[in-house]
Amino acid sequence: MVKICCIGAGYVGGPTMAVIALKCPSIKVVVVDISVSRIAAWNSDHLPIYEPGLDETRGLGAGKAADLTYWESAARMIADVSKTDKIVVEKSTVPVKTAEAIEKILTHNSNGINYQILSNPEFLAEGTAIQDLFMPDRVLIGGRETPEGRKAVQALKEVYAHWVPDDRIITTNLWSAELSKLAANAFLAQRISSINAISALCEATGAHVSEVAYAVGKDARIGPKFLNASVGFGGSCFQKDILNLVYVCECNGLPEVANYWRQVIKINDYQKSRLVNRIVSSMFNTVAGKKIAVLGFAFKKDTGDTRETPAIDVCKGLLGDKAEISIYDPQVTEDQIQRDIVMSKFDWDHPVHLQPMSPTAVKQVSVAWDAYAAAKGAHGVCILTEWDEFKELDYKKIYDSMQKPAFIFDGRNVVDPQMLREIGFIVYSIGKPLDQWLKDMPAVV
Ligand SMILES: NC(=O)C1=CN([C@@H]2O[C@H](COP(=O)(O)OP(=O)(O)OC[C@H]3O[C@@H](n4cnc5c(N)ncnc54)[C@H](O)[C@@H]3O)[C@@H](O)[C@H]2O)C=CC1
Ligand SMILES: O=C(O)[C@H]1O[C@H](OP(=O)(O)OP(=O)(O)OC[C@H]2O[C@@H](n3ccc(=O)[nH]c3=O)[C@H](O)[C@@H]2O)[C@H](O)[C@@H](O)[C@@H]1O
């Protein structure tokens, strides 16, 4: 019987293995994790991550918690416990050439066992993980260009062939597969930074960013997707993977290429500080002591994930000017929000036991049960995640409960600015023509 052991039961490991188990009944799937509580959650009715469609996906089977420690030690552990030849699949996103490092650890501790290392990067997006896994645009498998390497690639291909059409399974050499993953995320992030850069120019010229994006995206060579201007991209991967790409460029003596990609992150940071500056400048150049309601904290809708969410930087920016913040997000817990506000960048990327202890809550941050409670008595409302429910809110009710003048800063372009203006709000929507009020209070950017 073919057995697959997945190390790491997180956003990728959990859903991916659930789908493999569901689609390949003949394969035994076991998922292990360094976090015993995470495994316990997978085995309960309260899954540790929120992902539409995941609850209905059966097949994860009983999880087996293993107390593993570090990433490299995972490779050493594979070497320690293996009794027969193994295919080791790199599914995490890694710097190019990591497969070589894994290969070295395994072959130097081989005890006569043969290992083949494959790169099989994952392209799913959070919030659509299950549909992405069911119907991937492509599955990419990279391996050594040797007879043994090709055999291993074929074995993994057969797993996916249970449900993925043959023409969607691409096979390459190891380094192409590792680099393609970094390049794909860099291209996606670059599109967002491109439209966000244009959004700043739209505000300066009176153009509408959504009209520009539509017109540009109609060119079949460019395409319409991933052109939504926003407060900036977040998520655990775009920034990390671009920094990874930058690092690989620098290690290979390509500083110009490194700088080119670094600019994608710079524009993303600029977009977040631009929003903070707009908020502060339009509210008479200070938000000190003013209540700002923040609607949405997750890095995008349909997930409770807050890793690298732009909301963290925006909230920190507002707190820096001494605002009082009331946050509402349908999926993010109060504890998570409080941890995020004080955590340093990328602290979340350490194993749980190496993360800072649960901090004392920041007094100026409160978490509300719904959008109305968050906005009550506020001077401004700031939309940072594009949750569908924010489109349906009763904005008249919100307006009536706020201090006047009442401001809305829509960092996701989810609400019709004209409708809001008719209610009486002063409105800022990313990349849209500015209200006279905002023109009269230019932001320092
Ligand atoms: N989140 C996403 O949408 C995507 C993530 N990726 C990549 O997949 C990888 C995993 O990402 P996520 O699933 O989001 O992370 P995650 O943090 O949700 O999951 C990782 C899991 O691995 C466990 N773990 C860490 N060290 C371990 C060890 N030594 N032994 C056993 N378990 C260990 C952690 O406790 C955690 O539960 C990353 O490389 C990421 O870049 C790729 C595509 C999409
Ligand atoms: O390697 C990864 O981790 C994954 O990273 C992204 O997936 P994800 O981060 O889950 O979410 P996206 O839908 O790509 O959104 C990323 C960020 O960009 C923002 N975004 C997206 C699209 C857009 O037009 N505008 C925009 O601001 C989102 O709001 C979000 O903050 C990629 O889409 C996946 O293909 C990839 O596998």
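Residues numbered from 1 in each chain as written. Chains lettered and ligands numbered in written order. Predicted model: local features only at pLDDT ≥ 70, side-chain atom pairs only at ≥ 80, totals over all residues.

The line we're drawing: UniProt positions are given in the numbering used here, feature names are shortened, and annotations may be inferred rather than shown by experiment.
If you look the protein up in an unreviewed UniProt entry, it shows as UDP-glucose 6-dehydrogenase from Zingiber officinale. Taken directly from UniProt, the Pathway (unreviewed entry) text for the protein runs: "Nucleotide-sugar biosynthesis; UDP-alpha-D-glucuronate biosynthesis; UDP-alpha-D-glucuronate from UDP-alpha-D-glucose: step 1/1." Regarding the protein, the UniProt comment filed under Catalytic activity (unreviewed entry) reads as follows: "UDP-alpha-D-glucose + 2 NAD(+) + H2O = UDP-alpha-D-glucuronate + 2 NADH + 3 H(+)".

## Comments concerning the nonpolar core
Formally: For this analysis, nonpolar core means a set of buried Ala, Val, Leu, Ile, Met, Phe, Trp, Tyr and Cys residues linked through C-beta atoms within 7 Å. Three exposure classes are used, all based on how many other C-beta atoms lie within 10 Å of a residue's own C-beta (placed from the backbone): buried at 20 or more, exposed at 12 or fewer, and partly exposed between those limits. The secondary structure listing takes helices from DSSP runs of H or I that are at least 4 residues long and strands from runs of E that are at least 2 residues long, numbered from the N terminus. Note on contacts: each residue gets a C-beta atom placed from the backbone, and two residues are in contact if those atoms are within 7 Å.
Ranked by internal contacts, the top residues of the largest apolar core, which has 72 residues, are Val294, Leu295 and Cys382. Among the elements that make up this core, the one with the highest residue count is helix α10 (residues 255–282) (seven residues). If we ignore the near neighbours within four places in the chain, the residues touching Val294 are Ala311, Cys315, Ile325, Ile327, Cys382 and Leu384. Counting 19 residues, the second-largest nonpolar core is a separate cluster that includes Ile7, Ala74, Val88 and Ile117.

## Section: helix α11 (residues 310–320)
Of the positions making up α11, those classed as buried are Pro310, Ala311, Ile312, Asp313, Val314, Cys315 and Leu318. Contacts from the buried residues of α11 go to α10, β7 (291–295), β8 (324–328), α12 (334–342) and β10 (380–383). In the stretch just after α11, Lys322 is the one whose phi turns positive, near 70°.

## Here's the deal with the sheet that holds strand β12 (residues 426–429)
For clarity, the cut-off: What makes two strands pair is DSSP finding at least two bridges between them. Only the stretch in contact is used when a helix axis is fitted, and all axes are lines through C-alpha atoms; the angle between N-to-C directions ranges over 0 to 180 degrees.
As summarised here, the arrangement of the six strands in space is β9-β8-β7-β10-β11-β12, forming an open sheet in which the pairing is parallel. Because the sheet does not close on itself, it has two edges, and the strands there are β9 (365–367) and β12. Across the sheet, the mean angle from the axis of one strand to that of its neighbour is 20°, orientation sign disregarded. Pairing of β10 with strand β11 (residues 407–410) involves four bridges; the strand directions are parallel. Looking at the pairing, Ile383 lines up with Asp410 of β11. Packed onto the sheet, α12 meets β8 and β9 and runs at close to 160° relative to β9.

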